[in-house]
Amino acid sequence: MGTVEELEDRFQAGRYAAIDIGTVTCRMLVADVDDSGRLRELDREYAITNLGEDVDATGSLKPEAMQRVADVVARFLDVLRGFATSEHPRIRMTAMATSAARDARNASEFEALLAKLGVTLSVIPGEREAALSFAGASCDFPGERLLVVDIGGGSTEVIAGRAGGAPDRVHSFNIGCRRVTEKFFAADPPSAVELERARAWVGEGMRPYFDELRGAGFAPQRLVAVAGTATTVVSIQERMEVYDTSRVHKAVITRPVLDGVAARLEGVPLVQRERIVGLDPGRAPVIVAGMVILQTVLDLAGVDSFTVSESDILHGIILDEAARSAV
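Residues numbered from 1 in each chain as written. Predicted model: local features only at pLDDT ≥ 70, side-chain atom pairs only at ≥ 80, totals over all residues. Heavy atoms only, no water.

By the naming in an unreviewed UniProt entry, the chain is Ppx/GppA family phosphatase, taken from Eggerthella lenta.

Taken as a whole and assessed by the stated rule, the structure comprises 26 salt bridges. Notably, a salt bridge pairs Arg178 with Glu182, separated by 2.9 Å at the nearest N-O pair. On the criterion of helical spacing, the pair formed by Arg178 and Glu182 is a turn pair, its members being four residues apart in helix α7 (residues 177–184). A relative accessible area of 11% places Arg178 in the buried class. Accessibility expressed as a relative area gives 30% for Glu182, which makes it partly exposed. Two residues, Arg255 and Asp299, come together in a salt bridge whose shortest N-O distance is 2.7 Å. Placement of Arg255 in helix α11 (residues 255–266) and of Asp299 in helix α13 (residues 287–301) is noted, with a sequence separation of 44 residues between them. Classification of Arg255 by relative accessible area gives buried; the value is 17%. Judged by relative accessible area, which is 51%, Asp299 ranks as exposed. Linked by salt bridges that have partners in common, Glu53, Asp54, Lys62 and Arg68 make up one network. (Salt bridge = Lys/Arg side-chain N within 4 Å of Asp/Glu carboxyl O. Helix = DSSP H or I, 4+ residues; strand = E, 2+ residues; numbered from the N terminus. Buried < 20%, exposed > 50% of the residue type's maximum accessible area, 1.4 Å probe, protein only.)

Let us look at the UniProt feature "domain: Ppx/GppA phosphatase N-terminal" (unreviewed entry) in the chain. Within the UniProt annotation, "domain: Ppx/GppA phosphatase N-terminal" (unreviewed entry) is assigned to residues 30–323. With 47% helix and 19% strand, the stretch residues 30–323 has end C-alpha atoms that lie 16 Å from each other. (UniProt positions renumbered as here; feature names shortened; annotations may be inferred.)

Take the confidence of the model for the chain next. Across the chain, the average pLDDT comes to 90, with 97% of residues at or above 70. Below a pLDDT of 50 lies the segment residues 1–9, which in the model reaches 15 contacts outside its immediate sequence neighbourhood of four places, other chains included. (pLDDT = per-residue confidence, 0-100. Contact = heavy atoms within 4.5 Å.)

With that out of the way, let us pick up unusual backbone geometry. Of note, the amide linkage connecting Asp188 to Pro189 takes the cis form, showing an omega dihedral of 0°. Considering the arrangement of structural elements, one finds Pro189 in the loop between α7 and α8 (192–215). With a phi close to 50°, Asn50 is a non-glycine residue in the positive phi region. Secondary-structure assignment places Asn50 in the loop between β3 (39–48) and α2 (55–58). Of note, Ala227 is a non-glycine position whose phi angle comes to about 85°, a positive value. Note that Ala227 resides in the loop between β9 (222–226) and α9 (228–237).

Listed below in structure tokens is the structure:
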């Protein structure tokens, strides 16, 4: 996407909703968009649904996992109907699925299940996911050279570029917190050997991308991290009994803080991890792997901090739909 100035008069003002169905979570954002591309958030919905349970091993979505997501989407639709008004009788809703659905041989069954709810699902490729994440995450840092990382359950997107423009280099890695957990962690808590093997595997998979960035002379001014792994670092560090978006968005986390939170998480078994203040218990089984990925990204990027953004792929989906509607 271009800058806001370039896209002025090319956004269709209106009320929009975006549903993002990931490997671990299912989320919805409802927002009003004006004709200059500014978003005003109206509502956020979130649930851990674990669509990608065992997909890495089996290559298929479990029927019970698909049904969990369908039940949550049905609830989201009930919420969404409450935002229809005389001024906004039609809400443009876009639903997208990412890594787990991409990898599953039976994704068409999942699409058919959601179609029964009246939802047309788009299973998007990793590069499309990355571009939408960059569009959402970069809107708060105009003109900066950014490296954006979006750690999901089945994949991690890393995107380099200048905020307000199209990404320069995009890569979607089949490396995610659920995938790493299922592939490497058998002990509870994970053993030192398991953690070392996981770090080595993540580093090996990602290193060529970062070598290419350095070779091209790209030096980010800021590393922006979106999605649940990054936001969880803030909520644990701040001991949030109730999640507070305003305290999470644009928080800067130094490497020592990240390492401290990671050490705390990886040092206790699941039953204790689930009770840590600031951690959604449903994320506890995969959060250690998320920390491994985030730490590895900082190592490879050669930076000692990251900025957390609550503006992510959901914002990108809505802005993209508003721009397309104006054409």
